[in-house]
Amino acid sequence: MDFLQIIVGRVLLEYLGAFVRYLYLNLRCLLNDDDFTTYSSILSPKGSNKKKEGNSSLNHMVGVIFFGGLIFLLVIFNT
């Protein structure tokens, strides 16, 4: 069961990181008149395996930072 929880948690963090990156890039797009970025291009870009692995690790890192920030804010505002 622990193995399943690790896999599901890792996948959820990657989706959370992709969602945060999607919001950031498209809010920046609205302010600077840049091109619109699709969610699928952030979650699984086309290209080499090295690019896909780098993007996956970036999504995971952003998800961990965002989730850690939420936990930190919950601790601060609930004391």
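Residue numbers here run from 1 along each chain, matching the order of that chain's written sequence. Local features in this predicted model are restricted to residues whose pLDDT is 70 or higher, and side-chain atom pairs enter the listing and the counts only when it is 80 or higher, whereas totals over whole chains, interfaces and linings include all residues. The side-chain figures draw on all heavy atoms in the structure; neither hydrogens nor water molecules are used.

Residues and numbers for the side chain of Asn59, please.
Mapping Asn59 onto the fold places it in helix 3 (residues 49-77). N or O atoms closer than or at 3.5 Å make up a polar contact, with two conditions inside protein: a donor-capable atom paired with an acceptor-capable one, and, for residues adjacent in sequence, both atoms drawn from side chains. Engagement of the side chain of Asn59 in a polar contact is seen with the side chain of Arg21, the distance being 2.6 Å. Asn59 has contacts with Leu13, Glu14, Gly17, Ala18, Arg21, Ile42 and Leu43, leaving out every residue within four places of it along the chain. Secondary structure elements are taken from DSSP: a helix is a run of H or I of four residues or more, a strand is a run of E of two residues or more, and numbering for both begins at the N terminus. Residue contacts follow a heavy-atom distance rule, with two residues in contact if any of their heavy atoms lie within 4.5 Å.

I'd like a description of the packing of helix 1 (residues 2-32) against helix 3, backed by residues and values.
Here an axis means a line fitted to C-alpha atoms, over the contact stretch when the element is a helix, while the angle between two N-to-C directions is reported on a 0 to 180 degree scale. Direction vectors running N to C along helix 1 and helix 3 enclose 90 degrees, while the axes themselves pass 7 Å from each other. Judged on the interaxial angle alone, helix 3 and helix 1 are roughly perpendicular. Between helix 1, through Arg10, Leu13, Glu14, Leu16, Gly17, Ala18, Val20 and Arg21, and helix 3, the contact on the second element is made entirely by Asn55, Ser56, Leu58, Asn59, His60, Val62, Gly63, Val64, Phe66 and Phe67. Each residue gets one of three labels, nonpolar for Ala, Val, Leu, Ile, Met, Phe, Trp, Tyr, Cys and Pro, charged for Asp, Glu, Lys and Arg, and polar for the others, Gly among them. Considering only residue class, the contact of helix 1 with helix 3 consists of 9 nonpolar, 6 polar and 3 charged. Working rule for angles: under 35 degrees goes down as roughly parallel, over 145 as roughly antiparallel, 65 to 115 as roughly perpendicular, anything else as oblique.

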